[in-house]
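One letter stands for each residue in the lines below.
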Amino acid sequence: MLPLSFLSVLTLALAVSASTSHLHLNRDSHHAVGGAIARRQSSKRCPARIRKSSTTAAAATTTTTSTSSTSTTTTSSSTSTKTQSSTTSITSKTTSKAPEPTKDTKPTSAPTNSGSQTGFTPNGNKAGLSAGDAYWDLKDKIGWWYDWSPNPSKPGGGPVAVPMLWGGGTADGTDAQRLSAFRKLGGNPPYVMGFEEPDCASGSGSAGMSVDEGVRLWEELMAPLKSRGTKLGSPSMCKQADETWLTEFSKKIKTPWDFTTVHVNKNNMDGVKQVIDHYTKFGKPIWVNEFACVADNPNFIPCSDQGEIDSFINQIVPYFESNPNIYAYAYSNGYGLGNVWPMWSNGKLSASGRTYLNAISKYH
């Protein structure tokens, strides 16, 4: 990306801000999602999908160097959002066990392997990872990772560890511990992501927050980080292209986010592109911080055929890498995604994990 003059940056930023503030999407549907799926759902409540975070929120022992607040602005390559499908999706509720509360919420300095970043692609590498199970197998091929906690940490340098403000502290015990730990977050992490699926019911993988509650906590806890140079990621929606929560949230906050975080649960590229097209309307760099192969119409059914999963990964990675609006992406490695999709199984990379590793190795 060519450097911009201060005047050019200021002009573009004002243009994007003005465009964003006049956006009005009237979507009168609700949507069913169990942890990151999104289809139109006017009368069904969002079902549960459990997030796995096998890596506990360990203490960070060093404070990262303050980052530059220099930012770049991306403009949407899409001027219109695809018409939403009129087909209603029904998402089945999973019964997986809720994640164990993190055992250590005392550490509050920024993650030790955060590094100093000035752009929107950590370490210049879009590829990333959610949860820490497969970290050691992928660390040389990814630019970043996170585990839904305020203080993801692994020894040494390498991939950027990205903290998250998961929820409002009321979803469950883990949410309460994460919020408490986030309040103590020190240092200047280069990136921090916002709420996990606040637009779906809380208690099993989604934060379940009202827009007004989200605005209040955002201004209290995220805005001060931005003033110190941290780039803020928006809350991520479980309802994908059918969201209304984030659109309303964007109109109420005083401190805008810097990049838009997106969840993608589809099993074909037309569906993937529909989701991405929707979020380009915010005019910000996009981070797909969770993607998975899921048939979400009419039910939420994780892909179980290895050939289908391999084909999906080998299509979506090149799409993410070549799309100029997407600055980062991460394989979703959580519960509720069946037995074939998860990249970590029996202490080693699964066949799906190996496919992802091979796919990103072509670029990194």
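Residues numbered from 1 in each chain as written. Predicted model: local features only at pLDDT ≥ 70, side-chain atom pairs only at ≥ 80, totals over all residues. Heavy atoms only, no water.

S.K.: Looking at this structure, I do not really get the state of the cysteines. What am I missing?
M.R.: Structurally, a disulfide amounts to a covalent bond that connects the sulfur atoms of two cysteines. Inspection of the entire model under this criterion finds two disulfides. Disulfide pairing is shown between Cys200 and Cys238; the S-S distance is 2.0 Å. One quick way to see it: the torsion about the S-S bond of Cys200 and Cys238 is about 70 degrees, and its sign makes the bridge right-handed. Of the two residues, Cys200 is situated in the loop between β6 (191–193) and α4 (211–227) and Cys238 in the loop between β7 (231–233) and α5 (245–252); the sequence distance between them amounts to 38 residues. Residue classification places Cys200 among the buried residues on the basis of a relative accessible area of 4%. (Disulfide = S-S within 2.5 Å. Helix = DSSP H or I, 4+ residues; strand = E, 2+ residues; numbered from the N terminus. Buried < 20%, exposed > 50% of the residue type's maximum accessible area, 1.4 Å probe, protein only.)

S.K.: Even after reading the chapter, I still don't get unusual backbone geometry, so can you show me in this structure?
M.R.: Negative phi values dominate among residues other than glycine, just as trans dominates among peptide bonds. The omega torsion of the bond from Asn297 to Pro298 falls at 10 degrees, within 30 degrees of zero and hence cis. On the secondary structure map, Pro298 appears in the loop between β9 (286–295) and β10 (301–302). The residue Asn123 is not glycine, and still its phi comes out positive at about 55 degrees. Take Asn123: it is sitting in the loop between β2 (39–40) and β3 (127–130). You can call Asn123 partly exposed: its relative accessible area is 42%. The phi dihedral of Glu197 is positive, around 50 degrees, even though this residue is not glycine. Residue placement: Glu197 occurs in the loop between β6 and α4.

S.K.: Help me understand the confidence of the model for the protein in this model?
M.R.: Any segment with low pLDDT has predicted coordinates that should not be analysed in fine detail. A residue-level look at the protein finds 68% of positions with pLDDT of 70 or above and a mean pLDDT of 76. Between residues 1–116, whose pLDDT stays under 50, and residues either more than four places distant or in other chains, the model counts 299 contacts. (pLDDT = per-residue confidence, 0-100. Contact = heavy atoms within 4.5 Å.)

S.K.: For this particular structure, what's the right way to read the nonpolar core?
M.R.: What tends to happen in soluble globular proteins is that the nonpolar side chains get buried as a cluster. Grouped together as the largest cluster of nonpolar side chains are 82 residues, with contacts concentrated most on Phe291, Trp341 and Tyr356. Those residues in contact with Trp341 that sit more than four places away from it in its chain are Phe291, Ala292, Cys293, Cys303, Ile309, Phe312, Ile313, Tyr331, Ser332 and Ser352. (Core = buried A, V, L, I, M, F, W, Y, C linked by side-chain atoms within 4.5 Å.)

S.K.: What is the right way to read the packing of helix α7 (residues 306–322) against helix α8 (residues 351–361) from this model?
M.R.: Two measures define how a pair of helices packs: the angle their axes make with one another and the distance between the axes. Between α7 and α8, the shortest axis-to-axis distance is 9 Å and the interhelical angle comes to 25 degrees. The orientation of α7 with respect to α8, classified from their angle, is roughly parallel. Helix-helix and strand crossings are classified by hand; for α7 and α8 the assignment is right-handed. On α8, the residues touching Gln306, Ile309, Asp310, Ile313, Asn314 and Val317 of α7 are Ala351, Ser352, Thr355, Tyr356, Ala359 and Ile360. Here the residues of the contact of α7 with α8 are counted per class, giving seven nonpolar, four polar and one charged. (Axes fitted to C-alpha atoms, helices over the stretch in contact; angles between N-to-C directions. Parallel < 35°, antiparallel > 145°, perpendicular 65-115°, else oblique. Left-handed = near helix turned anticlockwise from the far one by under 90°. Nonpolar A, V, L, I, M, F, W, Y, C, P; charged D, E, K, R; others polar.)

S.K.: Can you help me understand the pattern of salt bridges in this one?
M.R.: A side chain of one charge can pair with a side chain of the opposite charge if their charged atoms are brought near each other. With the rule as written, the count across this model stands at eight salt bridges. As a salt-bridge pair, Glu220 and Arg183 come within 2.5 Å of each other at their nearest N and O atoms. Placement of Glu220 in helix α4 and of Arg183 in helix α3 (residues 173–183) is noted, with a sequence separation of 37 residues between them. Arg183 gets classed as partly exposed once you look at its relative accessible area, which sits at 44%. Salt-bridge contacts for Asp212 lead to Lys252; the nearest nitrogen and oxygen are separated by 2.9 Å. Here Asp212, found in helix α4, pairs with Lys252, found in helix α5; they are 40 residues apart in sequence, far enough to count as distant. On the basis of relative accessible area, Lys252 is assigned to the partly exposed category, the value being 37%. Taken together, the shared-partner salt bridges connect Arg183, Arg216 and Glu220 into one network. (Salt bridge = Lys/Arg side-chain N within 4 Å of Asp/Glu carboxyl O.)

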